[in-house]
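# Coordinate analysis (summary)
Chain by chain, the residues:
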Amino acid sequence: MHAVRNIRLCTKDCLCLYVCPTGATDTETGQIDAETCINGCRLCVDACPSHAISLVPEVFPAQQETSVDVKKALNLLSESKTRQELTAFALAQESDDPLMKQMAQAIGMSNRIMAEDLLREAGFMLPQSDSVKELLHAISAENKENDFPNETVNKLIQLLNNNHEEKTMSKTTDNLMEAFAGESQANRKYLAFAKKAEQEGHLNAAKLFKAASDAETIHALKHFEVAGKIGSTIENLKSGVEGETHEYKEMYPPFVEQAEAEGNKAAVRTFTFAMKAEEVHAGLYQEAMDNLDSQEEVFYYLCPVCGNIEKFVPEKCSICGVPGEKFIKY
Amino acid sequence: MKKYVCSICGYIYDESSGYPEGDISPGTVWADVPSSFVCPLCGASKSEFEEQDSPQTASASESSNLPDDISYSAAQLSAIFSNLAKGSEKQYKPEMSALYTELANYYNLKSEKVNNPDFLSLRNLLQTDISSHFALANEVARKNHDRGALRALKWVEAVSRMISSHLKKAESGSADFLKETNVYVCDICGFIYVGDEKPEICPVCKVPGFKMTQVRRSA
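First, a word on scope: everything that follows refers to the structure included in this document. (Residues numbered from 1 in each chain as written. Chains lettered and ligands numbered in written order. Predicted model: local features only at pLDDT ≥ 70, side-chain atom pairs only at ≥ 80, totals over all residues. Heavy atoms only, no water.)

### Some details on the overall build of chain B
Condition: Starting at the N terminus, helices and strands are each numbered in turn, a helix being any DSSP run of H or I of at least four residues and a strand any DSSP run of E of at least two. Only protein chains enter the calculation, and the probe is 1.4 Å; a residue is then buried if its accessible area is under 20% of its type maximum, exposed if over 50%, and partly exposed in between. Residues count as neighbours in contact if any of their non-hydrogen atoms are within 4.5 Å of one another. Accessible areas in this description were obtained via Shrake-Rupley with a 1.4 Å probe; residue shielding takes into account the shown protein chains only.
Regarding its fold elements, chain B presents four helices and six strands. Every one of the 219 residues in chain B was classed for burial, and the buried ones make up 45%. Sequence separation of at least 24 residues holds for 49% of the intrachain contacts in chain B that already meet a minimum separation of 6. For chain B, the exposed surface amounts to about 11,300 Å²; the carbon and sulfur share of it is 49%.

Laid out in C-alpha cells, this is it:
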C-alpha cells in the first residue's frame, strides 16, 4: 500500500516531508510519488496534522455477491433512469427557453448519477471485480461493429488480470508467512528439546535436535525473504517497533490477566517478564531508528533470564533482579 | 401538537417549535403553515411533507414483475463504465480511469437517440418509477438483505421525488421558479438543489456541499 494525498485537505504543514525516509512526499505535482514511496511505511500518514494522507490498497478483496433478483430489480430502474437521462439531455438541447433548458440539463445529470449508483449496487462496484471482467469479455465477444474500441477493452482486461495475479500471489505470500511461523516455532521447540536432552545426558539426541533446529532456521529465513518481508534497515526497525509495541500493549496484558485468574504463577511470571522486556525493546528500536546514521559504537547487554536489554551493565536487572554480571554483551 | 416529516430529506417540522427563522412562530399547526413554505434543508414544497408516524401511503407494488433475464442497453453500459472510471479515480489509478471513460463515451454515442423529446414522457417514466419500480426493488432488496441496494434505493427515490416536484412546478411549460436563483446537482446522489447558494451538505446523501456542481444557465 502506498501513500496518497487528498489535496483538498492538505494544509501544507509539510510534516510529511520531515518524516518521509525517501523524499516521496516532496513533489511538485501535489501527489506522493508512488515509485519511491515505501510499501506500508505510513510515517507520513501518522505525521500529517490535517489527515490528508492515506494508504491506498494495491489489491482489493473480492466483491460481495449480489443476488440475481436484486440485479434484475435494479436493472429495471437503471434502465428507466438512463431513458430519462437521454430524454432530458435531448430536451436540454432542443428547448429554446433558457430556464427549461437549465432544468432539463440538471435532470439529465441527475439521472446519470442515479443510474450509476443503481448499477454499482447491481454488481459493478469494484473496477477490478470478476463481474466487470466478465462484462468486458462479453461486450468484446458480442461486438461486431467496426468502431468498437477493441484496444481499450483489451488494455483494461490486461490491467485487471495483473490485479488478479497479485491476488494469487498474495495467497502464496500468506502461505509463506504461515510456513515462516511454523518453522520459527519448530526452531525454538527443538532448541528447548536439545537443552533437555543435554540435561538428561542424551548427547546424540541433543546434537540432532540442535542440527534440526538450525535446519528450521534456514527454512524460516528463506520463507521470510521470499515473502518480501525484509525491507531496508529503517523499515525493519519500524517493523520492530510495531511488533514489540503490539506485544507489550495488546498481546501480553490480557495474557497476564488470564494467567492470574487461573492461578498459573509460572505463566504470570514469564508473560510479565516478556511484556516488560518488549517495552524496552520497542524503545531501543525507536532510538536506533533515530540514530541510524550515527557513527558512534553502541553496546547492548542482554539479561539471560528475562530478555531485558540495557545499554550499560546494571547493578541488577531492572525487570527480574538478576545481578548485572550475568548480562551478555553484544 | 404534531410533527410533519419531509419525505425527501427527513427534515421534521414540529408544530410546537414552528420555524421562527422563517417567521412561523412556535405553536403554528401544519394547516396554518403557508402553502409557500418549503423545506429549510432541501427546498421541497409543503406538499412533500407527511405526518410523522402516519400509516405509509406508499402503494404496495402495483406490480411490474422482475424481468426474466438481464441485458444492458448502450446507455446502461455507458453508466456502468463512467461509474467504474470514477471508482478507478478514487483508487488513484488514472490510466484505468481513462480507459473506462473511453468506453463510457463510446456507449454514449451508441445510445438510442430520443426523437421529439417532451416533458410529458419524462414525467411518465418518472411516475412509473415512483408508483411501482421502487416498491418492487425495495421488496426484493429487503428479502435479500442487501444493505447497499436499500441505501441506493433510498437516495434514488428521494432524488426522483424531488425531480418530480420540480417537473410539477414547470408543468405549464415554464420554469420561473429557477429565475432568481441557482441550480446545483449533487455529484454523489444526483440530488437537484434549487437555491441561492450550495447547501453545507447534500440534504439526501449528506456529502459536503463542495461535491455539488452548479448547472449554469445558457444565455
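### Notes on helix 9 (residues 265-290) of chain A
Along an α-helix, residues three or four positions apart point the same way, because every turn accommodates 3.6 residues. Residue and element names in this part refer to chain A. Just so we agree on the cut-off: One fewer than the residue count of a helix, multiplied by 1.5 Å, yields its expected span.
Here helix 9 spans 38 Å end to end across 26 residues, near enough to the 38 Å set by a 1.5 Å rise per residue. Within the sequence span of helix 9, burial applies to A267, V268, T272, F273, A274, M275, A277, E278, H281, A282, L284 and M289. Buried residues in helix 9 make contact with helix 8 (233-261) and strand 4 (309-310).

### Digging into the packing of helix 3 (residues 68-94) of chain A against helix 4 (residues 98-121) of chain A
Residue and element names in this part refer to chain A. As a reminder of what qualifies: As a rule, the C-alpha atoms of each element are fitted with a line to give its axis, helices using only the stretch in contact, and angles between N-to-C directions run from 0 to 180 degrees. By definition in this entry, angles of less than 35 degrees are roughly parallel, angles greater than 145 are roughly antiparallel, angles of 65 to 115 are roughly perpendicular, and the rest are oblique. Each helix crossing is assigned a hand: it is left-handed if the near helix lies turned anticlockwise from the far helix by less than a right angle, otherwise right-handed if that turn is clockwise. Three categories are distinguished: nonpolar for Ala, Val, Leu, Ile, Met, Phe, Trp, Tyr, Cys and Pro, charged for Asp, Glu, Lys and Arg, and polar for the others, with Gly belonging to the last.
Packing of helix 3 against helix 4 brings their axes to within 8 Å, and their N-to-C directions diverge by 160°. The angle between helix 3 and helix 4 places the two elements in the roughly antiparallel class. In this structure, helix 3 crosses over helix 4, and the sense of that crossing is left-handed. Along the lines of polarity and charge, the residues of the contact of helix 3 with helix 4 split into 13 nonpolar, seven polar and five charged.

### A short note on the pairing of strand 5 (residues 192-195) of chain B
All names here are of chain B. Our working rule: Note on pairing: DSSP must find at least two bridges between two strands before they are called paired.
Of the two faces of strand 5, the one holding I192 and V194 and the one holding Y193 and G195 are both buried throughout. When strand 4 (residues 182-186) meets strand 5, the two strands line up antiparallel, connected through four bridges. Paired with Y184 across the two strands is Y193, which belongs to strand 5. The hairpin formed by strand 4 and strand 5 contains five residues between the paired strands, and G190 there has a positive phi angle of roughly 90°.

### With respect to the interface of chain B and chain A
Using the following cut-off: Note on definitions: buried area is the accessible-area loss of two parts on being combined, 1.4 Å probe, summed for both. Put simply, a salt bridge is a Lys or Arg side-chain nitrogen that is within 4 Å of an Asp or Glu carboxyl oxygen.
Listed by partner, the interface residues are 89 residues for chain B and 78 residues for chain A. Taken together, the two surfaces of chain B and chain A that pack against each other cover about 7,000 Å², and 70% of this comes from carbon and sulfur. Three residues, Q91, Y92 and F119 of chain B, lead the burial of chain B against chain A; their summed loss comes to 9% of the area buried on that side. Among the ionic pairs, K110 of chain B bridges to D147 of chain A, the shortest N-O distance being 3.0 Å. Elements supplying a minimum of two residues to the side of chain B that touches chain A: helix 1 (74-90), helix 2 (94-110), helix 3 (119-143), helix 4 (147-169) and strand 4 of chain B. The greatest single-element share of the side of chain B that touches chain A, amounting to 13 residues, is contributed by helix 1 of chain B.

### Focus: the pattern of salt bridges
All names here are of chain A. Considering all chains together, one arrives at 18 salt bridges over all chains under this definition. R83 is the partner of E79 in a salt bridge, and the nearest nitrogen-oxygen pair spans 2.8 Å. One end of the pair is E79 and the other is R83, both in helix 3 and four residues apart, which spans about a single turn. Residue E79 is classed as partly exposed on the basis of its relative accessible area, which comes to 25%. Ionic pairing is found between K311 and E287, a salt bridge with its closest N-O pair at 2.3 Å.

### Overview of unusual backbone geometry
Residue and element names in this part refer to chain A. In the Ramachandran plot, C14 falls in the positive-phi region, its phi being about 70° despite a non-glycine side chain. As for its position among the elements, C14 is in the loop between strand 1 (2-5) and helix 1 (15-19). Its identity as a non-glycine residue notwithstanding, H51 has a phi of 50°, on the positive side. The topology assignment puts H51 in the loop between helix 2 (43-47) and strand 2 (53-56).

### Some details on the side chain of E244 of chain A
Residues and elements named next belong to chain A. Stated precisely, the cut-off is as follows: The charge count includes Lys and Arg as positive and Asp and Glu as negative, but it does not include His or the ends of the chains.
With respect to the secondary-structure elements, E244 resides in helix 8. Buried charged residue E244 carries no salt bridge. Nearest counter-charge: K249, at 13 Å. Beyond its immediate sequence surroundings of up to four residues, E244 is in contact with E278, H281, A282 and Y285.

### Comments concerning the packing of aromatic side chains
For the record, the criterion: Any pair of Phe, Tyr and Trp rings, taking the six-membered ring for Trp, is counted once the centres come within 6.5 Å. Such a pair is stacked with planes under 30 degrees apart, edge-to-face with planes over 60 apart, and tilted for the rest. In our convention, an over-ring charge means Lys NZ or Arg CZ found within 6 Å of a ring centre and within 35 degrees of that ring's normal.
Scanning all chains against the criterion turns up 20 aromatic pairs over all chains. The interplanar angle of 75° and the centroid separation of 5.7 Å between the aromatic rings of F124 of chain A and Y72 of chain B together place this pair among those described as edge-to-face. Taken together, the residues F124 of chain A in the loop between helix 4 and helix 5 (130-142) and Y72 of chain B in the loop between strand 3 (49-51) and helix 1 connect one chain to another. By relative accessible area, Y72 of chain B is classed as partly exposed at 24%. Relative to F37 of chain B, the ring of Y19 of chain B has its centre 6.3 Å away and its plane inclined at 80°; by these criteria the two rings are edge-to-face. With Y19 of chain B in the loop between strand 2 (12-14) and strand 3 and F37 of chain B in the loop between strand 2 and strand 3, this pair connects stretches of sequence that are 18 residues apart. Directly above the aromatic system of F210 of chain B lies the positively charged group of R8 of chain A, at a separation of 3.5 Å from the ring centroid. Its guanidinium or amino end placed over the ring of F299 of chain A, K329 of chain A lies 4.3 Å from that ring's centre, counting from NZ or CZ.

### Here's the deal with the packing of helix 4 of chain A against helix 1 of chain B
At a closest axis distance of 8 Å, the pairing of helix 4 of chain A and helix 1 of chain B adopts a crossing angle of 80°. Judged by the inter-axis angle, helix 4 of chain A sits roughly perpendicular to helix 1 of chain B. Contacts from R112, I113, A115, E116, L119 and R120 of chain A in helix 4 of chain A reach A75, Q76, S78, A79, I80, S82, N83 and K86 of chain B in helix 1 of chain B.

### Focus: the sheet that holds strand 1 (residues 3-6) of chain B
Residues and elements named next belong to chain B. An order of 2-1-3 is seen for the three strands of this open sheet, with the pairing classed as antiparallel. Lying at the two open borders of the sheet, with one neighbouring strand each, are strand 2 and strand 3. This sheet shows a mean twist of 30° between the axes of neighbouring strands, independent of strand direction. Two strands pair when backbone bridges link them, and strand 1 and strand 2 are joined in this way by three bridges, in the antiparallel orientation. Looking at the pairing, V5 lines up with I12 of strand 2.

### What about the sheet that holds strand 5 of chain B?
In space, the three strands of this open sheet follow the order 5-4-6 (chain B), with antiparallel pairing throughout. Each end of this open sheet is capped by a strand with a single partner; those strands are strand 5 and strand 6 (212-214) of chain B. Recorded for the sheet is a direction-independent mean angle of 30° between the axes of neighbouring strands. The strands that helix 4 of chain A touches are strand 4, strand 5 and strand 6 of chain B; relative to strand 4 of chain B, the one it contacts most, it runs at about 10°.

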